[in-house]
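Each chain, written out:
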Amino acid sequence: MNRVLILVNITGLIIGISYGLHGPILPVFAKNVIGATYSDLGLIGLTNFIPYMFIPLFVGILLDRINNGYLLSLGAFLNSASVYLLSIAQSVPEIMGFRIMTGVAHAFFWPPCESIISRESSEKSRVRNISWFTMFFVMGFMIGPLLGTVFLEGLDITYRVLFQIAAFILAVAIITSLFASRKSVKNHHERFSFSSIKEMRRFPEVIILLVFYTSSFGVILTIYPAFLNDSGMTAADILLLYFVFGVSRVISLALAGKLARKTSQTLIAATIAVSVGLAVSTVADSIITFGISLVLMGFGFSIFFPLTLEIILTKTRKEISGKIIGAYETVFGMGWAIGPTMGGPITQLFGNETLYLLFCALGIAVTIFAIISRKKLEPQRVLN
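Predicted model only: the values in this text are computed from it and were never measured.

Conventions adopted
- Each residue is numbered by its place in its chain's sequence as written, counting from 1.
- Totals for whole chains, interfaces and linings use every residue, but because this is a predicted model, local features are given only for residues with pLDDT of at least 70 and side-chain atom pairs only at 80 or more, for both listing and counting.
- Excluding hydrogens and water, the side-chain values take into account all heavy atoms of the structure.
- Per the convention used, a helix needs a DSSP run of H or I reaching at least four residues, while a strand needs a run of E reaching at least two, with both numbered from the N terminus.
- Classification of residues uses two cut-offs on accessible area relative to the type maximum, computed with a 1.4 Å probe and protein chains only: under 20% is buried, over 50% is exposed, and between them is partly exposed.
- Polar contact criterion, stated in full: a pair of N or O atoms within 3.5 Å, where within protein one must be able to donate a hydrogen and the other to accept it, and residues adjacent in sequence count only if both atoms are side-chain atoms.
- Only heavy atoms enter the contact rule, under which two residues are in contact if any of them lie within 4.5 Å.
- Any residue with an atom within 4 Å of a point lines the site, the site being either a cavity, points on a 1 Å grid over the protein atoms alone where a 1.4 Å probe fits but cannot get out, or a pocket, an open set with protein on both sides within 12 Å along at least 5 of 7 lines.
- Grid points are joined across faces, edges and corners, and a volume is the space filled by probe spheres set on the points.
- Each residue gets one label: Ala, Val, Leu, Ile, Met, Phe, Trp, Tyr, Cys and Pro are nonpolar, Asp, Glu, Lys and Arg are charged, and the others, such as Gly, are polar.
- Put simply, a nonpolar core is a bunch of buried Ala, Val, Leu, Ile, Met, Phe, Trp, Tyr and Cys residues held in one set by side-chain atoms that sit within 4.5 Å of each other.
- Think of pLDDT as the predictor's per-residue confidence, scored from 0 to 100.
- Here a helix's expected span is defined as the number of its residues, less one, multiplied by 1.5 Å.
- Working definition: the arc comes from the directions between the helix axis and the C-beta atoms, pointing outward to the latter.

## Some details on the side chain of Lys-31
Next, step 1: By secondary structure assignment, the location of Lys-31 is in helix α2 (residues 26–34).
Next, step 2: For Lys-31, a relative accessible area of 17% puts it in the buried group.
Next, step 3: At a separation of 2.9 Å, a polar atom in the side chain of Lys-31 contacts the side chain of Asn-229.
Next, step 4: Excluding anything up to four places from it in sequence, Lys-31 contacts Ala-36, Ala-226, Asn-229 and Asp-230.

## Description of empty space enclosed by the protein
Next, step 1: Evaluated as defined, the whole model comprises two cavities of 30 Å³ or more.
Next, step 2: Along the walls of the largest cavity sit 32 residues, with Tyr-19, Phe-49, Phe-141, Leu-221 and Trp-336 positioned nearest its centre.
Next, step 3: For the lining of the largest cavity, the element with the highest residue contribution is helix α3 (residues 38–49), accounting for five residues.
Next, step 4: Looking at the lining of the largest cavity, its residues break down into 20 nonpolar, 10 polar and two charged.

## A word on the nonpolar core
Next, step 1: Counting 115 residues, the largest nonpolar core has Ile-95, Ile-220 and Tyr-224 as the members making the most contacts within it.
Next, step 2: In terms of residue count, the dominant contributor to this core is helix α16 (residues 287–313) (12 residues).
Next, step 3: When residues no more than four places from it in sequence are discounted, the contact partners of Ile-220 are Pro-225, Tyr-242, Phe-245, Leu-278, Leu-294, Met-297 and Phe-301.

## A look at the confidence of the model for the chain
Next, step 1: In the predicted model, the chain carries a mean pLDDT of 83, and the fraction of residues at 70 or more is 91%.
Next, step 2: The weakest mean pLDDT in the chain belongs to helix α10 (residues 195–200) at 62; the strongest belongs to helix α18 (residues 354–372) at 92.
Next, step 3: In the model, residues 183–192 has pLDDT below 50 throughout and makes 16 contacts with residues more than four positions away in sequence or in other chains.

## Let's talk about α18
Next, step 1: For α18, which comprises 19 residues, the first-to-last C-alpha distance of 28 Å matches the rise-based estimate of 27 Å (1.5 Å per residue) to within 8%.
Next, step 2: For α18, the full list of buried residues reads Leu-355, Tyr-356, Phe-359, Cys-360, Gly-363, Val-366, Thr-367 and Ala-370. Buried residues of α18, seen end-on, are gathered within an arc of 130° and therefore sit on one face of the element.

Set out below in structure tokens:
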């Protein structure tokens with residue numbers, strides 16, 4: 001693995017630690033300290049993810065024109081600032097405003113990393129390298145909750161101080177991303193267009209799977225921690241459960257290279273795992289049963305990313321890979337926005353378990369669709 005890929009992986013690890021440190025606690029902080037309802041949590045999730053429906057399109061164009069390392073550094077700076085601002089939030093609208101900033105920042109983190117990895121990899125090593133990067137990020141997301149448990153239980157710090165620590169950790173990623181900078185790519189003098197969206201329309205099967213995975217994942221990131229809290233889990237329990245979630249994701253990503261040999265079967269297994277995990281959540285009554293649920297979902301939510309991206313990149317001309325990555329991430333934003341937008345009001349109106357039963361039913365439907373479409377869910381090597 002070359003120097004640039006190592007630095008990108010380290011950047012992913014650092015950002016993952018920060019996300020894992022503050023992400024699972026934010027819904028609990030909003031509910032217990034600020035007084036947010038489940039509908040409010042849905043809106044907070046929406047504001048976090050809605051920028052990701054649009055910004056990646058513009059970032060995708062910039063990826064083919066500007067040094068990707070500089071874009072990554074900008075994302076790390078904005079991310080650090082947005083997390084620090086959470087420590088001074090006093091109301092739901094303030095949290096929403098700061099999460100909009102986080103959503104914009106995330107668009108300058110993930111697509112540049114994907115682009116750098118794609119440019120530094122051969123076709124044979126791309127799935128492996130993207131999986132390794134994702135694994136480093138998830139390892140950070142796994143380590144973060146453990147650190148959070150130490151800070152909250154061992155050092156007895158407040159949620160607000162926890163956010164400040166997470167922000168300072170994130171700031172270190174500015175340095176590593178600057179070191180990852182390479183010579184700027186050639187400016188192709190292309191005007192912005194929505195042609196990349198048209199490119200993505202060639203993959204309806206992948207889009208359907210992505211929307212299900214990301215909308216479910218959005219719920220797990222924004223609504224589920226509060227659900228766990230209402231189910232009797234303490235803040236330390238929640239962080240421990242998300243550590244288990246991270247372990248499952250890391251193991252899954254470590255096996256991604258081998259599982260990529262049977263892409264469609266693996267994606268079908270992933271949808272089944274997520275659906276079963278959601279179903280288990282509705283009857284779980286202990287940290288062990290919730291842990292089983294998160295282990296199942298951890299597998300599904302991790303393995304889908306490198307495999308679906310590989311399907312698209314192997315069927316796309318390399319010279320427009322930056323724009324197609326931007327369009328791909330826009331679909332992510334759509335799903336992440338849909339999940340919390342649905343999840344908050346549904347939980348508020350119909351009770352805690354209804355949301356997970358609904359997504360379980362959707363998962364079953366998507367699984368059947370994936371089985372029917374399995375031939376189109378395989379990578380295909382093309383001549384560039």
